[in-house]
Amino acid sequence: RGSRMGGQRRSRVWAVAVVAAWAATCALAAQHTNNWAVLVSTSRFWFNYRHAGNVMGLYNIIRKMGIPDSQIILMLADDMACAPRNVFPGQIFTADAHNVNLYPDDVEVDYRGYEVTIENFFRVLTGRHHPDTPRSKKLLSDENSNILVYLSGHGGDEFLKFQDFEELTSADLADAFAQMHEKRRYNEIFFMVDTCQASTLFKQFYSPNILAIGGSRLGESSYSYRNDPELGLTIIDRFTYYTLEFFEKQTRSNTATMADLFHSYTPAKLNSHVEWRTDLFPRPISTVPVTDFFGSCIGVDVTPLPDFFANLSSPSIRDEPLLLGKAALQVEVPQVESKTEHGEGPSVALVGLAFAGFVATSVLLHTLLML
């Protein structure tokens, strides 16, 4: 009788453990499955060439790190590449050697010229588009999306100029992010801004899961990095230049964290002081890989089920139960290759990840109970 009761108790423990493992895996899977980026140069006129250079430099970095064009919203307020004063037609450079064109033939600019307005920027963030807006102009994110939002332009205390005639305020931007949270349009947001008094632009933020950084603090200017004698103007700002320098050393599999990025900036490099906000962000930045925002999520590779169960009786597996999950399962998440309507794209990834985690955790618990 005692043996039978022990078996029943063991069965109940097993059932509870499996259900708990399934719930935990589903919760984990639902947090982050895809990355998006919104990159905005807000300035017109040839002398603001560096703002377009800032955005195009970051655009090329995140493409290199694996985020596809289909998940990047690129907004350029002026077409510097085709400006009549550009001595390198159809090209944008941020190095005076002119050896890397940042405006490739396959660049996809979603909003250009007078389309770059505060209204359209807010429509992108909140998803409140006109019915005839094409899919390529939409941020089709969901509650599992990490979003990089980068702005470059002229600004001041809690504002950023668009097109040199309208101003985006910190309060309006905070409300737009609040709408995104209410509509479950993001998992986490990384907000990055390169302008004068940049950190004041995220002063009013109050929505959860937002990490923010600015290249200058209240009362400070944002400085350009270098002048190009052939173009006759400055071609990139210091904050963005050192951001690109940091990422030139990174790969998709690199273990660099957001803390590494934040601490790579110094006043000696920037002539200003970087400030950031972490109070709305739930994770320590020392544990957040830069690829959570600047790179892609990678695919799922699940070992076939017959191999799992064929090896359950193996003494080596029973002796080393903690290695089973690592050996049998490589859990990675597929990147959505095209813009999809809310909730369509990540569903397959969630099911695959949840099922894979369930199987691995179940086998691990079964092995432990058999010891």
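That block above? That's the structure.
This section reports on the structure supplied with the text. (Residues numbered from 1 in each chain as written. Predicted model: local features only at pLDDT ≥ 70, side-chain atom pairs only at ≥ 80, totals over all residues. Heavy atoms only, no water.)

### A closer look at the packing of helix α3 (residues 118–126) against helix α4 (residues 170–182)
The test is simple: Between N-to-C directions, angles cover 0 to 180 degrees, with each direction set by a line fitted to C-alpha atoms, over the stretch in contact for helices. Each helix is a run of H or I in the DSSP string that is no shorter than four residues. Each strand is a run of E no shorter than two, and both are numbered from the N terminus. An angle counts as roughly parallel when it lies under 35 degrees, as roughly antiparallel when it exceeds 145, as roughly perpendicular when it falls between 65 and 115, and as oblique in every other case. Should any heavy atoms of two residues lie within 4.5 Å, those residues are counted as being in contact. Throughout, the ten residues Ala, Val, Leu, Ile, Met, Phe, Trp, Tyr, Cys and Pro are labelled nonpolar, Asp, Glu, Lys and Arg are labelled charged, and all others, Gly among them, are labelled polar.
One way to put it is that α3 packs onto α4 with a least axis distance of 9 Å and a crossing angle of 25°. The angle between α3 and α4 falls in the class roughly parallel. Residues F121, F122, L125 and T126 of α3 form the contact with α4, whose own contacting residues are D172, L173, A176, F177, Q179 and M180. When its residues are assigned to classes, the contact of α3 with α4 shows seven nonpolar, two polar and one charged.

### Quick look at the packing of aromatic side chains
Here is the rule: For Phe, Tyr and Trp, rings pair up if their centres lie within 6.5 Å, where Trp contributes its six-membered ring, and each pair is then called stacked (planes under 30 degrees apart), edge-to-face (over 60) or tilted (otherwise). Each residue gets one of three labels from its accessible area relative to the maximum for its type: buried under 20%, exposed over 50%, partly exposed in between, using a 1.4 Å probe on protein chains only.
Throughout the structure, instances matching the rule amount to 21 aromatic pairs. The interplanar angle of 75° and the centroid separation of 6.0 Å between the aromatic rings of F177 and F191 together place this pair among those described as edge-to-face. Of this pair, F177 sits in helix α4 while F191 is found in strand β8 (residues 188–194), placing the two residues 14 residues apart along the sequence. We note that F177, like F191, is buried. A centroid spacing of 6.4 Å and a plane angle of 50° characterise the contact between F281 and F293, whose relative ring orientation is tilted. On the criterion of sequence distance, the pair formed by F281 in the loop between β12 (275–277) and α8 (291–294) and F293 in helix α8 is long-range, its members being twelve residues apart. Side by side, F281 and F293 carry an identical accessibility label, which is buried. Among the aromatic residues, those joined into a cluster by ring pairs are F190, F246, F247, F262, W276, F281, F293 and F294.

### Here we look at the sheet that holds strand β6 (residues 159–162)
In a beta sheet, neighbouring strands are held together by backbone hydrogen bonds and run either parallel or antiparallel to one another. For the record, the criterion: For two strands to count as paired, DSSP must find a minimum of two bridges between them.
Here we have three strands laid out as an open sheet, ordered β5-β6-β7, and antiparallel in their pairing. The strands lining the two open edges of the sheet, one partner per strand, are β5 (155–156) and β7 (166–169). Where α3 meets the sheet, it contacts β6 and β7, and its direction lies at approximately 35° from that of β7.

Coordinates in, geometry out; function isn't part of it.
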